[in-house]
Amino acid sequence: EGDRVMVAKGGSGGSFHSAFEPSKGQAKHIRLDLKLIADLGLVGFPNAGKSSLLTAMSNATPQIASYAFTTLKPEIGKLMYEDYKQISVADLPGLIEGAHINKGMGHKFLKHMERTKQLLFVVDVCGFQLASKTEFRSAFEAVQLLTKELELYKEELVSKPALLVVNKMDLPEAKDKLQELEEQLQNPDKFSDLLPDDMIPKRYMTFRHVVPVSATTRFGIDQLKRCIRESLDEDAAMATKAIHQERLQALRLPSHGHL
Ligand SMILES: Nc1nc2c(ncn2[C@@H]2O[C@H](COP(=O)(O)OP(=O)(O)OP(=O)(O)O)[C@@H](O)[C@H]2O)c(=O)[nH]1
Ligand SMILES: [Mg+2]
């Protein structure tokens, strides 16, 4: 932020020696790739309620529907806080198993995850089934499969700070399912045996917060906003500390040319 780069040099102005004729500057075609699109990116299977969640939390009005792949391109929502702080959240299209080999336009969607500071996993507390032919996945399995898809696409993605949103807490049996999920997350190795071996992540995701919500009733939404803020503030504070330490280090080093 605030960096200056010269990509094309201007020509020198005309002077007495050039008969006041200026020389030409450089001309270049430049393609810029926007790397950071939002503070947080929503990661989830289709229908988990990512767009509903963004609507409940922010000023965004994404399309919401009861079929998979409602969201086809990223949309940004802004979370507003009382002290005027704003946090941007990208609503991304749902991932499916095999996204890393580009199933369901996986790459196009996964590449946006690279461009966010933190990840917000969203799962349906009652699990998910894409189609009658595909397997039913519990919330716990959804978390592991999403982690694996990220890992297979780009391993660094899995080391980003992450929060887990357990959505649809208004559904019957949600409380029991949440308890089950929390137990499973405590001891992921013990509960991963239903997944195919090659879909078990190398490293389980550790979530800074696990937040149960209902995007429909708004239960837990304020708590979620607080957790998001806390998590981003934590990283910002660490980054500032690192910069200070670097500067201090530089001051302590003897400067060149001194005896
Ligand atoms: N009962 C209940 N239903 C919800 C909740 N949140 C979302 N839904 C419903 O779940 C369906 C999917 O919601 P979306 O917000 O479109 O889901 P999405 O994750 O954005 O889906 P894609 O864009 O297809 O990836 C819709 O029918 C929503 O009304 C919730 O908290 N409770
Ligand atoms: Mg959506």
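What comes next concerns the included structure.

Definitions and cut-offs
Residues numbered from 1 in each chain as written. Chains lettered and ligands numbered in written order. Predicted model: local features only at pLDDT ≥ 70, side-chain atom pairs only at ≥ 80, totals over all residues. Heavy atoms only, no water. Helix = DSSP H or I, 4+ residues; strand = E, 2+ residues; numbered from the N terminus. Contact = heavy atoms within 4.5 Å. Core = buried A, V, L, I, M, F, W, Y, C linked by side-chain atoms within 4.5 Å. Buried < 20%, exposed > 50% of the residue type's maximum accessible area, 1.4 Å probe, protein only. Near = heavy atom within 4 Å. Polar contact = N/O pair within 3.5 Å; in protein donor to acceptor, adjacent residues only side chain to side chain. Areas by Shrake-Rupley, 256 points an atom, 1.4 Å probe, with all protein chains shown as cover. 1 Å grid on protein atoms, 1.4 Å probe; cavity = no way out; pocket = protein on both sides within 12 Å on 5 of 7 lines; lining within 4 Å. Sits in = over half its atoms within 2 Å of the grid points. Nonpolar A, V, L, I, M, F, W, Y, C, P; charged D, E, K, R; others polar. Axes fitted to C-alpha atoms, helices over the stretch in contact; angles between N-to-C directions. Parallel < 35°, antiparallel > 145°, perpendicular 65-115°, else oblique.

### Quick word on the environment of Tyr81
- The residue Tyr81 is located in the loop between β2 (75–80) and β3 (86–91) in this model.
- Along the primary structure Tyr81 and Gln63 are separated by 18 residues, whereas in three dimensions their C-alpha atoms are 24 Å apart.
- When neighbours within four sequence positions are excluded, Tyr81 is seen to be in contact with Ile87, Lys225, Ile228 and Arg229.

### What to know about the nonpolar core
- Ranked by internal contacts, the top residues of the largest apolar core, which has 35 residues, are Leu95, Met113, Leu119, Phe121, Leu150 and Leu164.
- Mapped onto this core, the elements with two or more residues apiece are β1 (38–44), α2 (106–113), β4 (116–124), α3 (139–153), β5 (162–167) and α4 (174–186).
- For this core, the element with the highest residue contribution is α3, accounting for 7 residues.
- With residues near it in sequence (within four places) discarded, Leu164 still touches Phe121, Val123, Val143, Leu181, Leu185, Phe207, His209, Val210 and Val211.
- Leu53, Leu79, Val89 and Ile221 belong to the second largest nonpolar core, which has 24 residues in total.

### A few points about the site of ligand 1
- Taken together, 23 residues are adjacent to ligand 1, and Lys50, Ser52, Phe69, Asp170 and Thr216 come closest.
- Between ligand 1 and Lys50, the relevant distance is 2.7 Å, taken from an oxygen atom to a side-chain nitrogen or oxygen of the residue.
- For ligand 1, whose unbound accessible area comes to 660 Å², protein coverage reaches 87%.
- When atom positions are compared with the pocket grids, ligand 1 is found to occupy the largest pocket.
- Broken down by element, the shell around ligand 1 gets its largest block of residues, 3 residues, from helix α1 (residues 50–57).
- Here the residues of the shell around ligand 1 sort into 9 nonpolar, 11 polar and 3 charged.

### Remarks on the packing of α3 against α4
- For the pair α3 and α4, the least separation of the axes is 9 Å and the interaxial angle reads 45°. Looking at the two axes, α3 sits oblique to α4. Taking contact as the criterion, the partners of Ala139, Phe140, Val143 and Gln144 in α3 are, on α4, Leu181, Gln184 and Leu185.
- Along the lines of polarity and charge, the residues of the contact of α3 with α4 split into 5 nonpolar, 2 polar and no charged.

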